[in-house]
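# A look at the structure
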Amino acid sequence: MDERNLNVVRVKLIDDTPLFGNELIQTADDAIFLMQKELRNCDRETFCALHLNAKGKPLSMSVVSIGELNSTLVHPREVFKASILSNASAVIFMHNHPSGELTPSEEDKKATKRLEMAGQILGIPVVDHIIVGENKENYYSFHANDILNPDEEKQKRKQKKQSPKQKEQEAR
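Here is a short report on the structure shown in this document. (Residues numbered from 1 in each chain as written. Predicted model: local features only at pLDDT ≥ 70, side-chain atom pairs only at ≥ 80, totals over all residues. Heavy atoms only, no water.)

The next subject is the pattern of salt bridges. With the rule as written, the count across this model stands at four salt bridges. R44 is the salt-bridge partner of D43, the closest N and O atoms lying 3.5 Å from each other. The exposure class assigned to D43 is exposed, which follows from its relative accessible area of 55%. We note a salt bridge from K109 to E106, for which the minimum N-O separation is 3.6 Å. Taken together, the positions of K109 and E106, both in helix α4 (residues 106-122) and three residues apart, correspond to about one turn of that helix. (Salt bridge = Lys/Arg side-chain N within 4 Å of Asp/Glu carboxyl O. Buried < 20%, exposed > 50% of the residue type's maximum accessible area, 1.4 Å probe, protein only. Helix = DSSP H or I, 4+ residues; strand = E, 2+ residues; numbered from the N terminus.)

See the structure below:
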């Protein structure tokens, strides 16, 4: 590079082989139906993003990271790159645990919260983060377990059950 010139770079989204159809993604089961085949046989932890349009239909899927047997690195910069290029309105994250253990690690929880915050800043909400097991009945949904995007009705019921002292402590 000549010291007086600045390189021009371009980022381009390139379509790959289609993986699934145009089905609306409304539940974790819907997402699992589309993605489990891709993740269940991986021998290393693999983190994917399913990019959705405003109606909840899949636009694209990207493999964000392939890690080791029991971990993979994810950073918001790489995770949301394809979401932005796909003009996604929302995203669902999925990864596998090759061990078959579906309980999220503390690192899984921390990474999910960090990605949720990044999605809020970017205007691309994280609908769910799903840990995929060996079959379609075997998964863990962060949304269903109120770790991600807790259901407002559940939150209201929980608050009603709390004593005034507990409510006061939470307010602080």
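Its location among the elements puts V126 in strand β4 (residues 126-132). Judged by its relative accessible area of 2%, V126 falls in the buried class. With residues near it in sequence (within four places) discarded, V126 still touches F80, V91, F93, L115, E116, L148 and N149. (Contact = heavy atoms within 4.5 Å.)

Another point: the environment of V64. Relative to the elements of secondary structure, V64 occurs in strand β2 (residues 58-66). For V64, the contacting residues outside a window of four places in its chain are F47, C48, A49, E78 and V79.

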